[in-house]
Amino acid sequence: MAPPDVLIFSLLFPSVATMTGAYLISRGMRRLSKSSKSVICGKVKCKKTVKSLAAATDCAMYRTVVEVHKRGSWHPICSIQHGTSFLLGRREVVESVAHLTLSNPVIIHGTIPHEKGLIEKGINKVKGSSLYKATAAPILASLPFFGSSVYGPLNEAALIRLQKNFEVAAALKRHKASLLRITEHAITDGMNICAISEAVGSQTRALRGTTEFPLILSDMKPEDAIESLKERGLLSISAGVVLIAIAIPLFIFLLSQL
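In short, a report on the structure. What you are looking at is a predicted structure, and each value in this text was computed from that prediction instead of being measured. Position numbers for residues start from 1 in each chain and track the written sequence from start to end. With pLDDT at 70 or above as the cut-off, local features in this predicted model cover only qualifying residues; side-chain atom pairs require 80 or more to be listed or tallied, and sums for whole chains, interfaces and linings still use all residues. Side-chain figures throughout are based on the complete set of non-hydrogen atoms in the structure, without hydrogens or water.

Points about the overall build of the protein chain
For step 1, the next point in the chain: Where helices and strands are cited, they refer to DSSP runs of H or I of at least four residues and of E of at least two residues respectively, numbered from the N terminus. A tally of helices and strands in the protein chain yields 8 helices and 12 strands.
For step 2, the next point in the chain: Working definition: with a 1.4 Å probe on protein chains only, accessible area under 20% of the residue-type maximum means buried, over 50% means exposed, and in between means partly exposed. A burial count over the protein chain gives 33% of its 258 residues as buried.
For step 3, the next point in the chain: A contact between two residues is defined here by any heavy atoms of the two lying within 4.5 Å. Taking all contacts inside the protein chain whose residues are at least 6 apart in sequence as the whole, residues at least 24 apart take part in 75%.
For step 4, the next point in the chain: Method for areas: the Shrake-Rupley scheme with a 1.4 Å probe, in which residue coverage is limited to the protein chains shown. Element-wise, carbon and sulfur atoms account for 62% of the exposed surface of the protein chain, whose accessible area totals about 15600 Å².

Here it is, written out as structure tokens:
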């Protein structure tokens, strides 16, 4: 039998797990009961705009994600989100904790231009010759490996804008020789979007997000947004039930050892 002080300390985990489980169940139930009221959809009306980082789009809010291609898959290295207050229908959306995801973002592929060595210059000179274009190029294009897409350097104007941001510039500096993918979501004037707002507040107040309940902005249909919130509610309830199902038997067992 373990000493009482050790057992009392061990009770901390099941106690915290039980309280966390109860909170998750409560949050899930609230999501289910207020799913239709928590989803606000409408047309965006910009009071003022900001320019997106990569595409220089005039928008109310943007999220730019920079990824690097390594070992056959994409890995995010930087994510920047910025925006200003705007109207969604008749409700104001204030700049706060938010997560923006659109179904058709701007995607840019490319590498950071660098000074070419003698070998690269020689290869490019051969590829530019009429003899190469007439003979080798058609043959290589027909092969699966050589016929795949080859990405050139990033657009110079986009690269300059990206490098003006300190965080992005530092990330790009560490991946100079890598293939990059820039994905940019931007909310523009006149766009129809939905906001999932779970933060406590009046139905007439401005929409805002908190660390606990970030404001979710997307261009999904209203019924899809409501369904998404219901799914998140069920997931929260399930996680809470699992935690309590583990914690209570453990709590009872530890009490029996005192």
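Things to note about unusual backbone geometry
For step 1, the next point in the chain: Even without being a glycine, Ala-56 presents a positive backbone phi close to 55°.
For step 2, the next point in the chain: Structurally, Ala-56 is set in the loop between strand 2 (50-51) and strand 3 (58-59).
For step 3, the next point in the chain: By relative accessible area, Ala-56 is classed as partly exposed at 24%.
For step 4, the next point in the chain: Residues other than glycine seldom take positive phi values, yet Arg-71 does so here, at roughly 50°.
For step 5, the next point in the chain: With respect to the secondary-structure elements, Arg-71 resides in the loop between strand 4 (61-70) and strand 5 (73-83).
For step 6, the next point in the chain: Since its relative accessible area comes to 76%, Arg-71 is described here as exposed.

Re the packing of aromatic side chains
For step 1, the next point in the chain: Each Phe, Tyr or Trp ring (for Trp, its six-membered ring) is paired with any other whose centre lies within 6.5 Å, and the angle between the two planes then decides the class: stacked below 30 degrees, edge-to-face above 60, tilted in between. All told, the structure shown has 0 aromatic pairs when counted by the stated rule.
For step 2, the next point in the chain: Here the basic side chain of Arg-30 rests over the ring of Phe-213, its NZ or CZ set 4.7 Å away from the ring centre. Each ring is checked for a lysine NZ or an arginine CZ that lies within 6 Å of its centre and within 35 degrees of its normal; such an atom marks a charge sitting over the ring.

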